[in-house]
Amino acid sequence: MHALIQGVILGVLTAGVYALMASGQTLIFGIMKVVNLAQGAMVVFGAYLSYQLFTSWGVDPFLAIPITTVAMFVLGMAVEWAFLRPLRQQDKAELSLLVTFAVALLLEGFLSVTWKTTYRSINTGYANSSMTIAGYQITLVRLWAFLLSLGALALLFLLLNRTRFGRAIRATVQNPESARLLGVEAQRVSAFGFGLGSATAAAAGSVYGLLYAFYPGTHYDLISLLLSIVILGGLGSIGGAVVGALIVSVSSAVVSATASPTWSSMTFFIILLLVLLVRPQGLFGTPARGAI
Amino acid sequence: MTDLLIVENAVKSFGSLRAVDECSFTVAESSITALIGPNGSGKTTLFNVITGYLKPDAGRVSFNGRDVTGTDAGRLYRHGLSRTFQQARVFPQLSVQENLVVAGGYSLRQLFTRRVSRADREKAGALLEEFRLAPVADLLASELSYGQRKLLEFAAVLMSGPRLVLLDEPTAGVNPVMIETMERHIRERNTSGITFLIVEHDMNFVMRLCDPVIVLDRGKQIFAGHPTDVQSNPLVLDAYLGS
Amino acid sequence: MSRLGVLRGAAFFATLVALPSFNLAHWVMNMAVFVLMFAVMSSAWNLVGGFAGYPSLGHAAFFGIGAYAVALWYKNHELTNAWHPFLALPLIALIAALVGLPIAMISMRTRADVFAIVTITVLFVAQTLAFNLRSITDGAQGLAIPPATFSVTTFERPFYYVLTVLLAFAMAITWASMRSKIGLALSSVRADEDKARGVGVHVTAVKLLAFCVSVGITAMVGAIWAYYESFIYPQFAIDPLITIAMVLMTFLGGRATLWGPVVGALVLETAQQVLAYQFGGSKIYLIAYALVFLLVMLLLPRGILPTIQDWLRQRRRRLATDNVPPPAANLPPAAVPAAHGGRA
């Protein structure tokens, strides 16, 4: 029982950072109908950026977030402009998968050449301190990471719900046609949306780098996890991404704590298949075969 | 005349919107029945329910004396219930001839036979002649004009020898000459025994061609009868002009 | 098939059969073996990703299943005859198809992009399993396979010839499906699946058939690869780059064409071998590869062969319209002339 609850606590705390990564990905899908397979690589890139800031100038990863998010926002816009915008509309969905995969490989290659392929980790002074509440151990850095992720998600939520730009994005997600008629510039929204998705990846990357050791190939693990989360929650739904992250993270932490860590990475896949069996559109997705 | 299609108390909701609401009506064998109604009255949803593209939440659909509620669209098609779509859905990368052949309603085993057999070619050839598409038989469907694509879609769903054909706005977006062509084909096919159920906005077209006319409003049938009586019916006027 | 097509095929395979008799250097033969492997796999991928329009990103998992099937068998059995592993290939294909069936049944109910994602997840799960089921797969240590006892001087030849046969098989299946109603059904699925279902096409059956045949062939290549390398590690036996190579080669050559995947494999695998040789173990080759990938997608989104075919088609039509009146002249005038091309 103790192991179970400890697992749940760990799962919930870890879910925050995954929710942040996944929200960016699901946002990009919602706006552009593009499944960004480079999201994992962008997270790893973010982690390396804050690693570099920390080791070279001693910038605390939490404080590095504004810098990394802005950098990745610009990078995301550039990727959208260079590789996604030129695709023809009729095969955009299919080609964008491949193009974003190529971007992931490009980033992986760049990271490997720049930082080599050994594992890196960000060792802050507080990385290992923890506290014990009612017999359950909580690592402080995880708690901070969780709170920070919640903060970033809240910011994203405010941005989408309280600003003009956010309204334009939401209109595009709900109905691209009428959004266009209302004068929303699809191209600008796409570029900003992709930038915003990349920025959340950067923020998540800084947090991820604090929690785990990483190397360029980490993006493969991340992307499979992220894809499961967004499919589970329903592509395009940010709330779904949060719920999906909770389910995936808690279930694998619980399996890891009670059964064996070996099987924890299998758990999310089995859950994913079960959900798809019942609801092909995911938990909070809308059936996308709207062609009828 | 017997009823080829019977819809009883069909219900289909999307969230809180009841697109089809306790709807009942019949289509008599060998008739050309029109289904009209203001925008959003549930015509296309009803089409989707009848043809198996959507499962109704409640109610029954019977075709040719059999309960076919919720039957898969492909099976219904092979049993003689064909439909076209509002936006002329053809397969753009297939040739015009292949667009007909693919709609032949084949059994599983026939998948392993020739792509276009001699029998297919003859059967498709006759339809292509009838619809004057023979000269473009080898073009890709994407190379046709919109009107020609509508004709092609219509011709294609005749390949399986249907008993009932549902046409979703056959004249939308096509020119007057093509409308006349469409009308002629429907008449000819009706004479040779096919029943039609047509959703249409062009009232002149409906008046010339259809009898009876069914009027739908907010997912319910509010009128069924002779076309000349439609325009004088207060319920119908209400529905169109708003109360 | 047209006479020209038969000739083209005969000439191609005659060249393939004759090639080893020129006593090529080992590194050339080695490269040829890899080109053939990828030609077979891209042709297999093309059945699902090209013809049916379901871009699977998980095929490397089935490559791995084939590789591990061979390795696991010879973990407990003696290799008595160097040709035996080849005889087991049909069985391996069957196993992969049976594993693939339930995965396809679930993932193909969804849309093409969700399908791509589910299959990529299958890939990572397979890799995790290969790492974690240590009692069976020996995890990261990898598994050894008894080396093939072929003559050292012509070591590559048996693999080369078996792969040539497999390529002929994969292309024959592709050709047969294009010529039958299966190909017609697959094209209709790719264009508009709902409509296809509605006109009575057995959509589910053809999709599952294409997927199972496709992953079966892929697994056979995986088995041959494992035997050829005689040692396998999880990260190479189940490698996302293998999936990507299949996809990329098919896209480069031309999706849903008979020769596209072969052309793509020839161009790209040769390029990749050279790049890997040039940059050695450095990851610069990954960057170069990704850049080639991006350029192909942006400049030739439809692939080499369809681009050429289109060009020829247009030229022929231009010639035809110059000489005779257009065939559509006696048809009613087009209502919406601007609606040419693409889906409405």
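Note that the structure is predicted; figures quoted are calculated from it, not measured.

Here we come to the nonpolar core. Core analysis: the biggest nonpolar cluster contains 293 residues, and Val 40, Leu 163 and Ala 223 of chain C have the highest contact counts within it. For this core, the leading source of residues is helix α10 (residues 203–229) of chain C, giving 18 residues. The residue makeup of this core includes at least three contributed by each of domain 1 (3–84 + 161–241) and domain 2 (93–156) of chain B. If sequence neighbours within four positions are ignored, Val 40 of chain C has contacts with Leu 163, Leu 166, Leu 167, Ala 170, Ile 217 and Val 221 of chain C.

Turning our attention to the packing of helix α2 (residues 26–51) of chain C against helix α13 (residues 260–279) of chain C. All names here are of chain C. At a minimum axis distance of 8 Å, the contact between α2 and α13 shows a crossing angle of 140 degrees. If you check the angle between α2 and α13, you find them oblique. Viewed along their axes, α2 and α13 form a crossing whose handedness is right-handed. Residues Met 31, Phe 34, Val 35, Phe 38, Ala 39, Ser 42, Ser 43 and Asn 46 of α2 form the contact with α13, whose own contacting residues are Gly 260, Pro 261, Val 262, Gly 264, Ala 265, Leu 266, Glu 269, Thr 270 and Gln 273. Residues of the contact of α2 with α13, tallied by class, amount to nine nonpolar, seven polar and one charged.

Next up on the list: the interface of chain C and chain B. In many reports, interface size means the accessible area that the parts give up when they come together. Listed as interface residues are 36 residues of chain C and, on the opposing side, 45 residues of chain B. Only α9 (181–198) and α10 of chain C provide two or more residues apiece to the side of chain C that touches chain B. The biggest single contributor to the side of chain C that touches chain B is α9 of chain C, with twelve residues. Looking at side-chain class alone, the side of chain C that touches chain B contains 19 nonpolar, eleven polar and six charged residues.

Turning our eyes to something else, we now look at the domain arrangement of chain B. All names here are of chain B. Per the domain assignment, the segments making up chain B are domain 1 (3–84 + 161–241) and domain 2 (93–156). Taking only C-alpha atoms into account, the centre of domain 1 sits 25 Å from that of domain 2. Residue-level contacts link nine residues of domain 1 with seven residues of domain 2. When contributions to the side of domain 1 that touches domain 2 are tallied by element, the ones reaching two or more residues are α2 (73–78) and α6 (176–191). The class makeup of the residues in the side of domain 1 that touches domain 2 is four nonpolar, four polar and one charged.

Here chain B averages 89 in pLDDT, and 98% of its residues register 70 or above. As scored by the predictor, the complex reaches a pTM of 0.84 and an ipTM of 0.89.

What counts, and at which threshold
Residues numbered from 1 in each chain as written. Chains lettered and ligands numbered in written order. Predicted model: local features only at pLDDT ≥ 70, side-chain atom pairs only at ≥ 80, totals over all residues. Core = buried A, V, L, I, M, F, W, Y, C linked by C-beta atoms within 7 Å. Buried ≥ 20, exposed ≤ 12 C-beta atoms within 10 Å, placed from the backbone. Helix = DSSP H or I, 4+ residues; strand = E, 2+ residues; numbered from the N terminus. Domains from an automatic or database assignment. Contact = placed C-beta atoms within 7 Å. Axes fitted to C-alpha atoms, helices over the stretch in contact; angles between N-to-C directions. Parallel < 35°, antiparallel > 145°, perpendicular 65-115°, else oblique. Left-handed = near helix turned anticlockwise from the far one by under 90°. Nonpolar A, V, L, I, M, F, W, Y, C, P; charged D, E, K, R; others polar. pLDDT = per-residue confidence, 0-100.

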